[in-house]
Amino acid sequence: MGKTQLIKPRIREILSRELPGELIQMLPKHWVRIGDVLILPLRPELEPHKHRIAEVYAQVLGVKTVLRKGRIGGEFRETNYELLYGNDAITVHVENGIKYKLDVARIMFSPANVKERVRMAKVAKPGELVVDMFAGIGHLSLPMAVHGKARVIAIEKSPYTFRFLVENIELNRVQDRMTAYNIDNRDFPGEDIADRVLMGYVVKTHEFIPKALSIAKDEAIIHYHNTVPERLMPREPFETFRRIAREHGYEVEKLNELVIKRYAPGVWHVVVDVRVFKK
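Keep in mind the model is a prediction, meaning the values are calculated, not measured.

A. Broad picture of the environment of His 225. Within the secondary structure, His 225 is located in strand β13 (residues 216–229). Residues His 225 and Lys 279, spaced 54 residues apart in sequence, show a C-alpha to C-alpha distance of 24 Å. Not counting the four nearest positions on each side in its chain, His 225 is found in contact with Glu 116, Leu 140, Met 199, Gly 200, Tyr 201, Thr 205, Ile 260, His 269, Val 270 and Val 271.

Listed below in structure tokens is the structure:
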């Protein structure tokens, strides 16, 4: 019997003394845990009891803070979770031997993307130069610096997220090979320098392809993420990348393509590994 199977009866047992039976059936059976912060999806019917429910989940699961799941949006992919229990959503989440410090209430961190973070740790080569154009808190590039021993330039536009990126570089002791810039990546001055470019963004990633190409060396690899309607797969997102690359005088070769997760109904978050050649 797994841990969750034991937890759920305990939560139900405590709350069934206080809530009517039909509400007990609606209690969330799944949740996301990031460090010692819990993200709980709650149905509208549970609204009047949300703080008590959150308190019980926190006590049984041993977390300090509970947030109600909200929508993610805006340029910086910021969350807008509701704080139900506790008063501090800043935590350190440990995954694959890497410490990620973040404010779960305001910064996007998807446990569902774990496979891609682990993969990045394996593809990076010691000493190569990686430019991470959308670094966040170091989601994808910390594994490259820590496990892959790559040199990393991490670019993050949001001043709030950038604070955690800098802390995470120190927490993981990779200051000697990882440098952070708090700028819009389109203002980054480096050209023809990267062995590998990370484009871990969605929805509008294609707008940044020309900048990625200018940063990349000849025969560099670009890890290009984007969101794609299912009806356009598998042609997309590679077709758009190839078209824009050719317009800028580059040839491309698709090395790999992976579906990361469902982004919205009928839309998938996909990553393509592309090698780029200057004509």
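This is not the end of the story, as more comes after the structure.
B. Region of interest: the sheet that holds strand β6 (residues 82–85). Taken in spatial order, the four strands line up as β1-β2-β3-β6 in an open sheet, and their pairing is mixed. Edge positions in the sheet fall to β1 (32–34) and β6, since each of these pairs with one other strand and no more. When strand polarity is set aside, the average angle formed by the axes of neighbouring strands in this sheet is 30 degrees. Set on the sheet, helix α3 (residues 50–61) makes contact with β1, β2 (37–40), β3 (65–68) and β6; between it and β6 the angle comes to about 65 degrees.

C. Quick look at a nonpolar patch on the surface. On the surface, Val 92, Val 94 and Leu 171 cluster together into a nonpolar patch covering about 220 Å² of accessible area. With respect to the helices and strands, Val 92 occurs in strand β7 (residues 90–95). Owing to a relative accessible area of 35%, Val 92 belongs among the partly exposed residues under this scheme.

D. Local environment of the sheet that holds strand β10 (residues 151–155). Taken in spatial order, the seven strands line up as β11-β10-β9-β12-β13-β15-β14 in an open sheet, and their pairing is mixed. Every interior strand has two partners, whereas the edge strands, β11 (178–181) and β14 (250–264), have only one. Strand-to-strand twist across the sheet, computed as the mean angle between neighbouring axes with direction ignored, equals 15 degrees. Taken together, the twelve bridges between β14 and strand β15 (residues 267–278) define a ladder with antiparallel strand orientation. Pairing of Glu 253 across the sheet is with Arg 275, part of β15. Where helix α6 (residues 159–171) meets the sheet, it contacts β10 and β11, and its direction lies at approximately 170 degrees from that of β11.

E. Main features of the side chain of Asp 132. Relative to the assigned elements, Asp 132 resides in strand β9 (residues 129–132). For the buried Asp 132, no salt bridge is present, and the opposite-charge side chain at shortest range is Arg 117, 11 Å distant. In terms of polar contacts, Asp 132 uses its side chain to reach the backbone amide nitrogen of Phe 134, at 3.3 Å. Residues within four places of Asp 132 in sequence aside, it is in contact with Ser 141, Ile 153, Ala 154, Ile 155 and Leu 198.

F. The pairing of strand β12 (residues 194–199), seen in detail. Here β12 lies mainly inside the structure; five of its six residues are buried. Pairing of β12 with β13, which is carried by five bridges, proceeds in the parallel orientation. Looking across to β13, one finds that Leu 198 is bridged to His 223. With helix α7 (residues 209–215) bridging β12 and the parallel β13, this β-α-β connection has right-handed handedness.

G. Inspection of helix α8 (residues 238–247) at higher detail. Those residues of α8 not exposed but buried are Phe 238, Thr 240, Phe 241, Ile 244 and Ala 245. Within α8, the buried residues cover an arc of 160 degrees as seen down the axis, which keeps them to one side. Next to the buried residues of α8 lie α7, β13, β14 and β15.

H. Structural view of the pattern of salt bridges. On inspection of all chains with the given rule, the structure shows 24 salt bridges. Arg 196 is the salt-bridge partner of Glu 128, the closest N and O atoms lying 2.6 Å from each other. With Glu 128 in the loop between α4 (114–123) and β9 and Arg 196 in strand β12, this residue pair connects regions lying 68 residues apart in the sequence. Given the relative accessible area of 11%, Glu 128 is considered buried. The class for Arg 196 is buried, based on a relative accessible area of 4%. With a shortest N-O distance of 3.1 Å, Lys 217 and Asp 195 are connected by a salt bridge. Taken together, the residues Lys 217 in strand β13 and Asp 195 in strand β12 connect sequence positions 22 residues apart. Lys 217 sits in the partly exposed class, given a relative accessible area of 33%. Within this structure, Glu 47, Lys 50, Arg 68 and Glu 82 form a network of salt bridges that share partners.

About the criteria used
Residues numbered from 1 in each chain as written. Predicted model: local features only at pLDDT ≥ 70, side-chain atom pairs only at ≥ 80, totals over all residues. Heavy atoms only, no water. Helix = DSSP H or I, 4+ residues; strand = E, 2+ residues; numbered from the N terminus. Contact = heavy atoms within 4.5 Å. Pairing = 2+ DSSP bridges. Axes fitted to C-alpha atoms, helices over the stretch in contact; angles between N-to-C directions. Patch = residues over 30% accessible without salt bridge, like charges linked within 9 Å, V, L, I, M, F, W, Y side chains within 5 Å. Areas by Shrake-Rupley, 256 points an atom, 1.4 Å probe, with all protein chains shown as cover. Salt bridge = Lys/Arg side-chain N within 4 Å of Asp/Glu carboxyl O. Buried < 20%, exposed > 50% of the residue type's maximum accessible area, 1.4 Å probe, protein only. Lys, Arg positive; Asp, Glu negative; His and termini not counted. Polar contact = N/O pair within 3.5 Å; in protein donor to acceptor, adjacent residues only side chain to side chain. Right-handed = clockwise from strand over helix to strand, strands pointing away. Arc of directions from axis to C-beta.

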